[in-house]
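# Notes for the structure review
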Amino acid sequence: MNDLTLTTPALLFSAISLIMLAYTNRFLAYAAVVRSLHDKYLEKKDERFMKQIKNIKKRLYLTRAMQIAGILSLLLCVLTMFLIYINQQTIAVYVFGLALLLLILSLALLIMEIQISVKALEHHISDLENN
């Protein structure tokens, strides 16, 4: 196995940063939808709004988990770089492996969240088609 260098974990910085930006944008969009649904529900106590709010809540929790896994991955990349810097190569390899696993977890959660989002949009489309 080749030795891990400082550039290897550093390569993930830009990728993780872009992923975190996308996650944050998703979170902000959900926050806007929740506020809108909240106001609509207060005006008209329709059960459909509660179903949508529950769906968004589940997606918010997934987004939070995605963000946490992504942030931990980034932190472990930084720790890997520090371990390489202080010549702790063996520990650095394991920490970097954990960082990669957390990044994989974050992306897997994104897939789950996208599937839920698509189902919610399909529900809206079917409502429009039925009307």
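Scanning the protein chain from terminus to terminus reveals 3 helices and 0 strands. Its helices and strands taken in sequence order, the protein chain reads α-α-α from the N to the C terminus. In terms of C-alpha radius of gyration, the protein chain reaches 20 Å, well past the compact-globule figure of 14 Å for 131 residues. Principal axes of the C-alpha set define a box for the protein chain whose edges measure 65 × 25 × 20 Å. Counting only residues that meet the buried cut, the protein chain has 30% of its 131 residues in that class. Excluding contacts between residues fewer than 6 apart, the proportion of contacts in the protein chain whose partners are at least 24 apart in sequence is 78%. Approximately 8,900 Å² of the protein chain is accessible, and the part contributed by carbon and sulfur atoms is 67%. Averaging the coordinates of the 13 positive side-chain charges in the protein chain and doing the same for the 9 negative ones gives two points 5 Å apart.

Attention shifts here to the layout of surface pockets. Over the atoms, a rolled probe matching the size of one water molecule traces out where space is still vacant. Taken as a whole, the largest pocket encloses approximately 260 Å³ of empty space. Lining the largest pocket are 13 residues; nearest its centre among them are Gln52, Asn55, Arg59, Ala120 and His124. Per element, the largest residue contribution to the lining of the largest pocket is 6 residues, and it comes from helix α2 (residues 47-85). Class assignment of the residues belonging to the lining of the largest pocket gives a composition of 6 nonpolar, 4 polar and 3 charged. Within this model, the second largest pocket holds a volume of roughly 170 Å³. Along the walls of the second largest pocket sit 10 residues, with Leu37, Lys40, Phe49, Gln52 and His124 positioned nearest its centre. For the lining of the second largest pocket, the elements supplying multiple residues, two or more each, are α1 (7-43), α2 and α3 (89-130).

Now for the nonpolar core. With 21 residues, the main nonpolar core has Leu12, Ile16, Tyr23 and Cys77 as its most contacted residues. For this core, the secondary structure elements donating two or more residues are α1, α2 and α3. Take this core: its biggest share by element is 9 residues, from α3. Setting aside chain neighbours within four positions, we find Leu12 in contact with Cys77, Phe96, Leu100 and Leu103.

Definitions and cut-offs
- Residues numbered from 1 in each chain as written.
- Predicted model: local features only at pLDDT ≥ 70, side-chain atom pairs only at ≥ 80, totals over all residues.
- Heavy atoms only, no water.
- Helix = DSSP H or I, 4+ residues; strand = E, 2+ residues; numbered from the N terminus.
- Rg over C-alpha atoms; globule rule 2.2 N^0.38 Å.
- Buried < 20%, exposed > 50% of the residue type's maximum accessible area, 1.4 Å probe, protein only.
- Contact = heavy atoms within 4.5 Å.
- Areas by Shrake-Rupley, 256 points an atom, 1.4 Å probe, with all protein chains shown as cover.
- Lys, Arg positive; Asp, Glu negative; His and termini not counted.
- Charge placed at Lys NZ, Arg CZ, Asp CG, Glu CD.
- 1 Å grid on protein atoms, 1.4 Å probe; cavity = no way out; pocket = protein on both sides within 12 Å on 5 of 7 lines; lining within 4 Å.
- Points joined across faces, edges and corners; volume = space filled by probe spheres on them.
- Nonpolar A, V, L, I, M, F, W, Y, C, P; charged D, E, K, R; others polar.
- Core = buried A, V, L, I, M, F, W, Y, C linked by side-chain atoms within 4.5 Å.

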